[in-house]
Number of protein chains: 2
Amino acid sequence: MSSERALGSGSKYPPKEPGVLRLYGMRFCPYVKRTRLVLEHKNIPYETVNINLIDKPDWYLQKINCLGLVPSIETDNDVIFDSVIVNEYIDSVYPGEKLIPNDGRRAAKDKMLLEIWSKVVTQYYKLFYPSGETNEVVPNMLSALDRVENELARRDTTFFGGDKPMMIDFNIWPHMERIVHFDVLVPGFTLDASRFKRLTSWIDEMNKVPAVKKTKLQLDSFKLFMITVKNGKMDCDAGLEE
Amino acid sequence: MSSERALGSGSKYPPKEPGVLRLYGMRFCPYVKRTRLVLEHKNIPYETVNINLIDKPDWYLQKINCLGLVPSIETDNDVIFDSVIVNEYIDSVYPGEKLIPNDGRRAAKDKMLLEIWSKVVTQYYKLFYPSGETNEVVPNMLSALDRVENELARRDTTFFGGDKPMMIDFNIWPHMERIVHFDVLVPGFTLDASRFKRLTSWIDEMNKVPAVKKTKLQLDSFKLFMITVKNGKMDCDAGLEE
């Protein structure tokens, strides 16, 4: 697939070459980025097929993901969807250093942290799709973020996963990266480095990780995309040349 | 703890005896039942402390679960919350036959099924807390249930887990058990056995499982509870004698 353009209704299923791992995505979707980060970090080759999320292809709903979400991955034998499930699958099935702790206690604690993180994400999307209570969203998001800051302090490690990034870091990163650039949505927004000391230093460290660098948010296109979202006409191809 | 009464704000943390596994629950919570089923099925002894979910104890939020949800479990060393995470932890840390497939592909497929199931659950709660579109909720719930019926047909097994109940069966069961008794909410509701042939036979088989029998929904109390929910004053102690 040489084009990044999103496939919509009326498109045909692009035939897949055997042996090639395919990632179904959307260029600005943070959940898709969770999987891109893991694929890049583990050096697993893959191709991307982007899906138009407001005008989904029938073949995607029928053949790949009945829930119509991204990411999904397709191998020669399997179709797996949901970012967390896809990433667990990749970690379990593909060779290389494991990103999910083997220890049941540590694994549970990372999953609990992701639940706590999901409360930050819930607030984040309220700003995407405001429904009246906009004034409270930023404070609520920061309060939810306090819990994550505290957890990193409790762990007392550079990354959530320890001295190197693990699955929990890659699953948290994509929304965090967008929150850093929240001034796109909320003029003047900055993340207070004294309130979020640990998180600020984690962000600095994550920005040095090759997989993070390689998948860095294209800010110009993201801004164009956000304008289309705010206008109620999400353009999955925002910023692409004709 | 000899009382089933829910602890609310103003209560004190009930000191825990070392070596005893504690389950924090609420008598009518299907998520808590997911964990009860697994504890019963694996014959793991535990005590229950019920939490008043509309008047939560401060100690619960501070010490056990900052998100304030049930179930949580407390061991001598760990506090784990979220039904799916708790159940994975129990399956991983306690001895006995494993309920989660070791194989990464099978595990991923069960997790995807639970995501599909969650769409049924979303519709279920819309009837609990109606917000206008009540007429569409039952058809939407049944359409979501079709996907689950199809998945059981695709697997062509008695249980979702194969020829015996596995974690996926126990995680699905508690909401299904309530849907069977949906006439409490929607007078006249029945599950059409010809439309849901596989699910109907799965329900019959599940009803024979000792852990399912032991945790069977107390219908009289549940009806009393549902009336309080519909009236906007959830009574976690509904049906208990003074």
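The preceding data block contains the structure.
Presented here is a report on the structure given in the accompanying data block. (Residues numbered from 1 in each chain as written. Chains lettered and ligands numbered in written order. Predicted model: local features only at pLDDT ≥ 70, side-chain atom pairs only at ≥ 80, totals over all residues. Heavy atoms only, no water.)

Let's talk about the interface of chain A and chain B
Consideration 1: Each partner contributes to the interface: chain A provides 23 residues, whereas chain B provides 23 residues.
Consideration 2: Viewed at the interface, chain B and chain A are joined by six salt bridges.
Consideration 3: Its salt-bridge partner being Arg 105 of chain A, residue Asp 78 of chain B comes within 2.7 Å of it at the nearest N-O pair.
Consideration 4: Where chain A touches chain B, the interface holds six residue pairs in polar contact (both at pLDDT 80 or more).
Consideration 5: Here the element with the most residues in the side of chain A that touches chain B is helix α4 (residues 104-128) of chain A; it accounts for nine residues.
Consideration 6: Within the side of chain A that touches chain B, the residues separate by chemical class into 11 nonpolar, three polar and nine charged. (Contact = heavy atoms within 4.5 Å. Salt bridge = Lys/Arg side-chain N within 4 Å of Asp/Glu carboxyl O. Polar contact = N/O pair within 3.5 Å; in protein donor to acceptor, adjacent residues only side chain to side chain. Helix = DSSP H or I, 4+ residues; strand = E, 2+ residues; numbered from the N terminus. Nonpolar A, V, L, I, M, F, W, Y, C, P; charged D, E, K, R; others polar.)

Details of the packing of aromatic side chains
The geometry of two aromatic rings is summed up by the distance between their centres and the angle between their planes.
Consideration 1: For the structure shown, the criterion picks out 23 aromatic pairs over all chains.
Consideration 2: An angle of 75° between the planes, with centres 5.6 Å apart, marks the rings of Tyr 13 of chain B and Trp 59 of chain B as edge-to-face. Within this pair, whereas Tyr 13 of chain B is found in the segment before β1 (22-25), its partner Trp 59 of chain B is found in helix α2 (residues 58-64), the two being separated by 46 residues in sequence.
Consideration 3: Taken together, Tyr 31, Tyr 124, Tyr 125, Phe 182 and Phe 189 of chain A form an aromatic cluster joined through their ring pairs.
Consideration 4: If you follow Lys 63 of chain A out to its NZ or CZ, it ends over the ring of Tyr 13 of chain A, 4.3 Å from the centre. (Phe/Tyr/Trp six-rings, centres within 6.5 Å; stacked < 30°, edge-to-face > 60°. Lys NZ or Arg CZ within 6 Å of the ring centre and 35° of its normal.)

Brief notes about the relation of the copies chain A and chain B
Consideration 1: Of the two same-sequence chains, chain A is brought onto chain B (RMSD 0.0 Å, axial shift 0.0 Å) by a rotation of 180°. The operation mapping one copy onto its partner corresponds to a two-fold rotation axis. Relative to the rotation axis, the C-alpha of Asn 102 of chain A is the closest in chain A, positioned 6.1 Å from it.
Consideration 2: Mapped onto chain B, 100% of the interface residues of chain A are again interface residues, and the two copies thus contact each other with one and the same surface. (Least-squares fit on C-alpha atoms with pLDDT ≥ 70 in both.)

A closer look at the sheet that holds strand β4 (residues 79-81) of chain A
Residue and element names in this part refer to chain A.
Consideration 1: Strand order in the open sheet formed by four strands is β2-β1-β3-β4, and the pairing between neighbours is mixed. If you trace the sheet from one side to the other, it starts and ends with β2 (47-50) and β4, each paired once. On average, adjacent strands in this sheet sit at an angle of 20° to one another, irrespective of strand direction. (Pairing = 2+ DSSP bridges. Axes fitted to C-alpha atoms, helices over the stretch in contact; angles between N-to-C directions.)

A short note on the environment of Val 184 of chain B
All names here are of chain B.
Consideration 1: Within the fold, Val 184 resides in the loop between α6 (167-180) and α7 (197-206).
Consideration 2: Among the residues examined, Val 184 registers a relative accessible area of 27% and is labelled partly exposed.
Consideration 3: Sequence separation between Val 184 and Leu 61 is 123 residues; the distance between their C-alpha atoms is 32 Å.
Consideration 4: Not counting the four nearest positions on each side in its chain, Val 184 is found in contact with Lys 223 and Met 226. (Buried < 20%, exposed > 50% of the residue type's maximum accessible area, 1.4 Å probe, protein only.)

As for empty space enclosed by the protein
All names here are of chain A.
Consideration 1: Applying the stated rule across the entire model yields two cavities of 30 Å³ or more.
Consideration 2: In this structure, the largest cavity encloses a volume near 130 Å³.
Consideration 3: Every residue along the wall of the largest cavity is listed here: Val 84, Glu 88, Ile 100, Pro 101, Ala 107, Asp 110, Lys 111, Leu 114, Met 167, Ile 168 and Asn 171.
Consideration 4: Every element with two or more residues in the lining of the largest cavity is listed here: α3 (83-93), α4 and α6 (167-180).
Consideration 5: Element by element, the count of residues in the lining of the largest cavity is highest for α4, at four residues. (1 Å grid on protein atoms, 1.4 Å probe; cavity = no way out; pocket = protein on both sides within 12 Å on 5 of 7 lines; lining within 4 Å. Points joined across faces, edges and corners; volume = space filled by probe spheres on them.)

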